[in-house]
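Remarks on the overall topology
The lines below spell out each chain.
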Amino acid sequence: SEPGWETMGLPGLFLNPDMRMVALAVAWTGILSTSVNFCIEITALGRVPSAEASVILATEPLWAGLFAALWFGERFGANDYVGGALMISACLVNTLKPEDVRGFLFWNESSGQVEE
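Quick look at the overall build of the chain now. Across its full length, the chain carries six helices and two strands. Reading the chain from its N end, one meets helices and strands in the order α-α-α-α-α-α-β-β.

Printed below as a string of structure tokens:
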């Protein structure tokens, strides 16, 4: 007979010999891949200034996309490039000082001077 829903919890999966590999995969994903990684990430981010931590966290999807493209051959579409450019722009706005942005935006190419 087919097992009921009560055997599909993690303890039930460990007790069922046919589902033991699934239970190990769930435990590995939940405990090591997620919890330990999260604890290490939070500890490391607690040691850097908040502005840097926000940039690191904001660029996490960009790194995931980059590694997916490099390791798994994922292809980017136009919306991926636009989203990546917006995320990088947001990180730059967050980290640049106002005078740096003003100097970049109001630079006069012909005179080589910053316009007032």
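On we go.
Before going further, it helps to spend a moment on a nonpolar patch on the surface. Among the surface-exposed residues, L10, F14, M21, V22, L24 and V26 lie close enough to one another that they form a single nonpolar patch of about 510 Å² accessible area. Breaking the nonpolar patch down by element, the ones donating at least two residues are α1 (10-15) and α2 (20-45). At four residues, α2 tops the list of elements feeding residues into the nonpolar patch. Among the secondary structure elements, V26 is positioned in helix α2.

Let us look at the packing of aromatic side chains. Summed over all chains, the structure comprises three aromatic pairs. Summarising the aromatic geometry, the rings of F76 and Y81 are spaced 5.7 Å apart at their centres and angled 80° between planes, so their arrangement reads as edge-to-face. A relative accessible area of 37% means that F76 is categorised as partly exposed. Each residue in the set W63, F67 and W71 is aromatic and connected to the rest through ring pairs, giving one cluster.

Reading guide: rules and limits
Along each chain, the written sequence defines residue order, and numbers are assigned to residues from 1. Only residues with pLDDT of at least 70 get local features here, since the model is predicted, and only at 80 or more are side-chain atom pairs given and counted; chain-wide, interface and lining totals rely on the full set of residues. By convention in this description, side-chain values take in all heavy atoms of the structure and omit both hydrogens and water. The way it works is that DSSP assigns letters per residue, a run of H or I at least four long becomes a helix, a run of E at least two long becomes a strand, and they are numbered from the N terminus. Residues forming no salt bridge and having over 30% relative accessible area are the ones grouped into patches, like charges within 9 Å of each other and nonpolar side chains (Val, Leu, Ile, Met, Phe, Trp, Tyr) within 5 Å. Each accessible area is a Shrake-Rupley estimate made with a 1.4 Å probe; only the visible protein chains count as cover when residues are assessed. Every case where a carboxyl oxygen of Asp or Glu lies within 4 Å of a side-chain nitrogen of Lys or Arg is listed as a salt bridge. Note on aromatic pairs: the rings of Phe, Tyr and Trp (six-membered ring only in Trp) are paired at centre separations within 6.5 Å, and the planes decide the class, stacked below 30 degrees, edge-to-face beyond 60, tilted for the rest. Only protein chains enter the calculation, and the probe is 1.4 Å; a residue is then buried if its accessible area is under 20% of its type maximum, exposed if over 50%, and partly exposed in between.

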